[in-house]
Amino acid sequence: MSAPSSSGWTVETRTRAATGFAFFAVVLIALAFAAPLFVSRSLLQDLFLILTMLVLAQNWNLLAGYAGLVSVGQQAFVGFGAYAMFACVSLGGLDPMLAILIAGMAAALLSVATGFFVFRLQGAYFAIGTWVVAEVVRLVLAQWRALGGGTGTSLPNAATRDMAAVQWIAEAFSVRASQAADILTYWLALLLCCATIGFIYWLLRTRQGLGLSAVRDNQEAARSVGVDARRIKWAVYVCVAFVTGMAGALIYVQKARISPDAAFSVIDWTAYVIFIVVIGGIGTLEGPIIGVIVFFVLQKSLADFGSWYLLVLGLIGIAVMLFAPRGLWGLFSDRTGIQFFPVRRILKGGPSIDHQGTRGGPHG
Amino acid sequence: MIWVDTIVQGVLLGGLYALFAAGLSLVFGVMRLVNLAHGDLIVLGAFLILVIVSALGLNPFLAALVAMPVMFCLGWGLQYVVLNRTLGDDILPPLLVTFGLSIVIQNALLEGFSADSRRISVGGLEAASVSLGPIAVGVMPLLTFLSAVAVIVALNALFYRTALGRAFRATSDDPVTAGLMGVDPKRLFATATGIAMIVVTIAALYLGTRSNIDPTIGPARLIYAFEAVIIGGLGSFWGTLAGGVIIGVAQTMGAAINPEWQILAGHVAFLLVLLLRPRGLFPRAND
């Protein structure tokens, strides 16, 4: 990285496809922000679902695909964030938007507390350990009578309608308050999604991100060159809990009804998310985006078949893991070499090869 | 006196959890594989016994004997065709494939048997009890516990007294060298999973006769089994029994204080052990 002028070597991450994609992404995000102007309300709700699932998927991908922490207990943070938001709004009378932020912090605090337990377990045992923690949090919150105990409760109707932002949107677009609330939650989901992807992209391009990839590829080698694997894993675990908690709170602002079984559902908040990431391509930023599209198309086309949907999703997940472990995006990227989010460091130039030549490993 | 009764009931319940855990412990001991579908395979076994009972009109204990070879073959094939492909240094493939399997089994059972809860009837045996001194204990819980002890004794004998057990231990320690000595790890792993499925069938018999079953209860059984294995310490079958007993006693004591705390008390006991003795109470393996 140092003294590129003397040796002629430079480290670059930019690729032509990525520059093209950056333009495309800016246009896409602008269009997405304008979407409430020209799409139907039901489509807006579908987009909300896609965006929130994408946030959860990107977070699980950072945890499992980059930090090697395979958790099947992320529903703990979805549910805890949702309950924290309900407590702030129903019991504390706070604005739901503020409550979402507090919910994220509450989930981060929970992750610090539970981290002491689950970080004592390695690999597969970490996975089931996180699941136990999620069960404990669910059982404890089911005792909270003020929030409906085991049967759950609803947000007060006025809570979302009286939000300042909702009233402003209702006036600006001249729509009813319930529709304005949908628009607001959609915008918040879009914001959270862009911020999450932006944050992970930024993280992977920093020194810490390089250390993270090194730990994933070979923990012993990474530690021998001075990467503090434990600290990096802790930091990722807490950051992911923060964002997952906010996503959970946002999802339940939109749902407006909560119960322990739904908020801590391993199927809804972990199984779907794992399948999205695995099918799309684990350990890439593009994979979850592809995966969430596949997930949504399958859901729409198999909606009438009940449990067949999950059966098919499970079988596809197993097949992908066995025969194409880098997912759909991996298949595409391996053949074309295209990356939309360039996190691979490519060595260019140098005295021994001409200036067109590139060198760099597939994961570097 | 009531506390003695509670503890005895808890110990007997622990036998059931030890049965759940023994198969998991066996598979982990031989090939370091954690099967997230273990609980769903127990539920699958219970439904298989239920089908045999209603189709052939057999006594559930005989039906379990019929189910055993079926489950052995299922486990053998599952390991040989699917799970062997996932073994390696990377922890992701086995975890994600068995997690997918868990979802597939649950939803296949939902499709085949609906979400209704069912029960395997054992004649009048569910209500029968015997008195042990001043305490009356149910015949089924007692049978469960005795079966758990028998399974642990049998697994220990298999591991430390037979040629197959020697091959298991050798492959567990060093698969490459074991391969040089003529052991085929793929077939050996398949045999281990097959034997684990026989234990799963025994667990399924008692699960289905003692409580209601429906297709979604598998993951909770996996969690109890996992807690028992971790509390006992990896690689020790007697430790697994002790772990099951600790979970069982914690659950019945929790339930005695407040019925809603039963499950929670078991999890809290597990977390306490994890905090104080992270390698379990009777550790043997080093990983």
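Please read these numbers as outputs of a predicted model, since none were measured by experiment. (Residues numbered from 1 in each chain as written. Chains lettered and ligands numbered in written order. Predicted model: local features only at pLDDT ≥ 70, side-chain atom pairs only at ≥ 80, totals over all residues.)

**As for the overall build of chain A**
Phase 1 of the analysis: Looking only at helices and strands, chain A features 17 helices and five strands.
Phase 2 of the analysis: Against the 2.2 N^0.38 benchmark of 21 Å for 364 residues, chain A shows a C-alpha radius of gyration of 22 Å, consistent with a compact globule.
Phase 3 of the analysis: Principal axes of the C-alpha set define a box for chain A whose edges measure 70 × 50 × 40 Å.
Phase 4 of the analysis: Considering chain A as a whole, with its 364 residues, one finds that 43% of them fall into the buried category.
Phase 5 of the analysis: Summarising the internal contacts of chain A: among those between residues at least 6 apart in sequence, 74% fall at separations of at least 24. (Helix = DSSP H or I, 4+ residues; strand = E, 2+ residues; numbered from the N terminus. Rg over C-alpha atoms; globule rule 2.2 N^0.38 Å. Buried ≥ 20, exposed ≤ 12 C-beta atoms within 10 Å, placed from the backbone. Contact = placed C-beta atoms within 7 Å.)

**Describing the packing of helix α5 (residues 96–118) of chain A against helix α12 (residues 229–255) of chain A**
Residues and elements named next belong to chain A.
Phase 1 of the analysis: Across the interface, α5 lies against α12 with an axial gap of 7 Å and an inter-helix angle of 145°. Of the two elements, α5 crosses α12, and the hand of that crossing is right-handed.
Phase 2 of the analysis: Its residues placed into classes, the contact of α5 with α12 shows 20 nonpolar, six polar and no charged. (Axes fitted to C-alpha atoms, helices over the stretch in contact; angles between N-to-C directions. Left-handed = near helix turned anticlockwise from the far one by under 90°. Nonpolar A, V, L, I, M, F, W, Y, C, P; charged D, E, K, R; others polar.)

**Digging into the interface of chain B and chain A**
Phase 1 of the analysis: Listed per partner, the contact involves 31 residues of chain B and 32 residues of chain A.
Phase 2 of the analysis: Those elements that provide at least two residues to the side of chain B that touches chain A are α4 (92–113), α9 (218–232) and α11 (262–276) of chain B.
Phase 3 of the analysis: Ranked by the residues each element gives to the side of chain B that touches chain A, the list is headed by α4(B), at 14 residues.
Phase 4 of the analysis: Tallied by class, the residues present in the side of chain B that touches chain A amount to 24 nonpolar, three polar and four charged.

**Observations regarding the nonpolar core**
Phase 1 of the analysis: With 215 residues, the main nonpolar core has M85(A), A249(A), L19(B), I49(B) and V199(B) as its most contacted residues.
Phase 2 of the analysis: Once you skip the residues sitting within four places of it in the chain, L19(B) turns out to touch T144(B), S147(B), A148(B), V151(B), V199(B), I202(B), A203(B) and Y206(B). (Core = buried A, V, L, I, M, F, W, Y, C linked by C-beta atoms within 7 Å.)

**Overview of the pairing of strand β2 (residues 135–138) of chain B**
All names here are of chain B.
Phase 1 of the analysis: Bridge count for strand β1 (residues 129–132) against β2 is four bridges, and the pairing is antiparallel. The residue bridging S129 from the neighbouring strand is G138, located in β2.
Phase 2 of the analysis: The hairpin formed by β1 and β2 contains two residues between the paired strands, and G133 there has a positive phi angle of roughly 60°. (Pairing = 2+ DSSP bridges.)

**Re the confidence of the model for chain B**
Residues and elements named next belong to chain B.
Phase 1 of the analysis: On average, residues of chain B carry a pLDDT of 91, and 99% of them reach 70 or more.
Phase 2 of the analysis: Mean pLDDT across the elements of chain B bottoms out in β1 (84) and peaks in helix α3 (residues 60–82) (96).
Phase 3 of the analysis: Predicted as a complex, the structure gets a pTM of 0.89 and an ipTM equal to 0.89. (pLDDT = per-residue confidence, 0-100.)

**Considerations on the environment of L94(A)**
Residues and elements named next belong to chain A.
Phase 1 of the analysis: Positionally, L94 belongs in the loop between α4 (75–91) and α5.
Phase 2 of the analysis: Spatially, the C-alpha atom of L94 lies 32 Å from that of L203, the residues being 109 residues apart in sequence.
Phase 3 of the analysis: For L94, the contacting residues outside a window of four places in its chain are C88, V89 and A99.

**Details of α4(B)**
Residue and element names in this part refer to chain B.
Phase 1 of the analysis: Along its 22 residues, α4 runs 31 Å from first to last C-alpha, staying within 8% of the 32 Å computed at 1.5 Å per residue.
Phase 2 of the analysis: Extensive coverage of α4 is indicated by the burial of 16 of its 22 residues.
Phase 3 of the analysis: Taken from the residues just after α4, S114 is the one with a positive phi, measuring 65°. (Expected span 1.5 Å × (residues − 1).)

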